[in-house]
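# Analysis of the macromolecular model
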Amino acid sequence: MRSQICRSVRSFLSAASKNTSCSFSGRAAAASAVSCRGRVSYLASYGLSEPGNAHRGWIYGALALPAAAFMLQEQEAYAAEKERTFIAIKPDGVQRGLISEIISRFERKGFKLVAIKIVVPSKDFAKKHYHDLSEGPFFNGLCDFLSSGPVIAMVWEGEGVIKYGRKLIGATDPQKSEPGTIRGDLAVVVGRNIIHGSDGPETAKDEINLWFKPEELVTYTSNAEKWIYGAN
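Source: prediction; values computed, not measured. (Residues numbered from 1 in each chain as written. Predicted model: local features only at pLDDT ≥ 70, side-chain atom pairs only at ≥ 80, totals over all residues. Heavy atoms only, no water.)

## Observations concerning the packing of aromatic side chains
- Tallied over the full model, the rule gives five aromatic pairs.
- With a centroid separation of 5.1 Å and an interplanar angle of 25 degrees, the aromatic rings of F86 and W211 are classed as stacked. Here F86, found in strand β1 (residues 83–89), pairs with W211, found in helix α12 (residues 201–211); they are 125 residues apart in sequence, far enough to count as distant.
- Of the residues examined, F86 reaches a relative accessible area of 0% and is grouped as buried.
- Consider the rings of F106 and W156, whose centres lie 5.2 Å apart with planes at 25 degrees: the pair is stacked. Of the two residues, F106 sits in helix α7 (residues 99–109) while W156 sits in strand β3 (residues 151–158), which places them 50 residues apart along the sequence. Here F106 matches W156 in class, with each residue buried.
- Here the aromatic residues F106, F111, W156 and Y164 are joined through ring pairs into a cluster of three or more.
- We note K82 situated over the ring of Y229; from NZ or CZ to the ring centre the distance is 4.7 Å.
- Sitting over the ring of Y164, K109 keeps its end group 3.9 Å from the ring centre. (Phe/Tyr/Trp six-rings, centres within 6.5 Å; stacked < 30°, edge-to-face > 60°. Helix = DSSP H or I, 4+ residues; strand = E, 2+ residues; numbered from the N terminus. Buried < 20%, exposed > 50% of the residue type's maximum accessible area, 1.4 Å probe, protein only. Lys NZ or Arg CZ within 6 Å of the ring centre and 35° of its normal.)

Below, the structure is given as structure tokens:
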């Protein structure tokens, strides 16, 4: 579908750039589309300053296609620059009413929530989640616990979110976690450490794909990002 849109965009821009009765540049329109995130109305009137242009109505309407396509590509490229990680509030964190506390810590840091849902995983699903620990003596207990109640599954996005997300969470054993971390402040024993976070890029990718369908992940630009990353 996206390739069809892109082919249509290229055909349209090529035809428009050759049209001698309008002062429209296909290359300039492409650049304009990429640089004006979310501003279709500006692009739709680009190069149409000549009054009485016979092609004005056709170009005005048709420009919605390249504008949408180029901004979609820009949005996808923008999302690719940011890491995503999987974070889960375990049944003990949910039952203790710590959902808002945990979410607020990631938000205050400046990370962006791009997916969230509440689910009670089956034991078989828990085994898939903890598959890398299947040889450990505690594997069965881990799976029993994860499937014992509601879990808040989330995907967070931001620069360095995987590594720093782990720092926010703290050490696996709460008694070894620094004060100020989620586990250091809110948990006591390792068997009830309230939260899970991906420990690396490959793990994050696998866990996100396990817990979420692609259409459940949202790509958007937060108004706060220019204040977080310095992008204007």
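The structure having been displayed, the exposition proceeds.
## Remarks on the UniProt feature "binding site: ATP" (unreviewed entry) in the chain
- As recorded in UniProt, the sites labelled "binding site: ATP" (unreviewed entry) are K90, F138, R166, T172, R183 and N193.
- The residue R166 is located in helix α10 (residues 161–169) in this model.
- On the basis of relative accessibility, which here comes to 34%, the residue R166 falls in the partly exposed class.
- Once residues lying within four places of it in the same chain are set aside, the contact partners of R166 are G197, S198 and D199. (UniProt positions renumbered as here; feature names shortened; annotations may be inferred. Contact = heavy atoms within 4.5 Å.)

## Remarks on helix α9 (residues 139–146)
- Every buried residue of α9 is accounted for by F139, C143, F145 and L146. Seen from one end, α9 has its buried residues packed into an arc of 165 degrees, which puts them on one side.
- Of the surrounding elements, those touching the buried residues of α9 are α6 (91–95), α8 (123–129), β3 and α12. (Arc of directions from axis to C-beta.)

## Quick notes on the packing of α7 against α10
- Running from N to C, α7 and α10 point in directions that differ by 135 degrees, and their axes come no closer than 11 Å. As summarised for this structure, α7 and α10 are arranged oblique, according to the angle between their axes. Classified by chirality, the crossing of α10 by α7 is right-handed. Contacts between α7 and α10 involve R105, F106 and K109 from the first element and Y164, G165, L168 and I169 from the second.
- Tallied by class, the residues present in the contact of α7 with α10 amount to four nonpolar, one polar and two charged. (Axes fitted to C-alpha atoms, helices over the stretch in contact; angles between N-to-C directions. Parallel < 35°, antiparallel > 145°, perpendicular 65-115°, else oblique. Left-handed = near helix turned anticlockwise from the far one by under 90°. Nonpolar A, V, L, I, M, F, W, Y, C, P; charged D, E, K, R; others polar.)

## A closer look at unusual backbone geometry
- Phi is positive for I194, close to 65 degrees, though the residue is something other than glycine.
- Positionally, I194 belongs in the loop between α11 (182–186) and β4 (195–197).
- What makes I194 buried here is its relative accessible area of 0%.

## Re α7
- Of the positions making up α7, those classed as buried are I102, I103, S104, R105 and F106.
- Lining the buried residues of α7 we find β1, β2 (112–119), β3, α10, α11 and β4.
- One or two positions beyond α7, positive phi appears at G110, with a value near 115 degrees.

## Looking at the sheet that holds β3
- Pairing within the open sheet is antiparallel, and its four strands lie in the order β2-β3-β1-β4. Because the sheet does not close on itself, it has two edges, and the strands there are β2 and β4. Put simply, the sheet's adjacent strands are angled 20 degrees from each other on average, direction ignored.
- Looking at chain direction, β1 and β3 are connected through seven bridges and run antiparallel. Its bridge partner being in β3, F86 is matched across the sheet by V155.
- Strands β1, β2, β3 and β4 of the sheet are contacted by α7, whose axis makes an angle of about 10 degrees with β3.
- Helix-sheet contacts for α12 involve β1, β2, β3 and β4, and the interaxial angle to β1 is about 60 degrees. (Pairing = 2+ DSSP bridges.)

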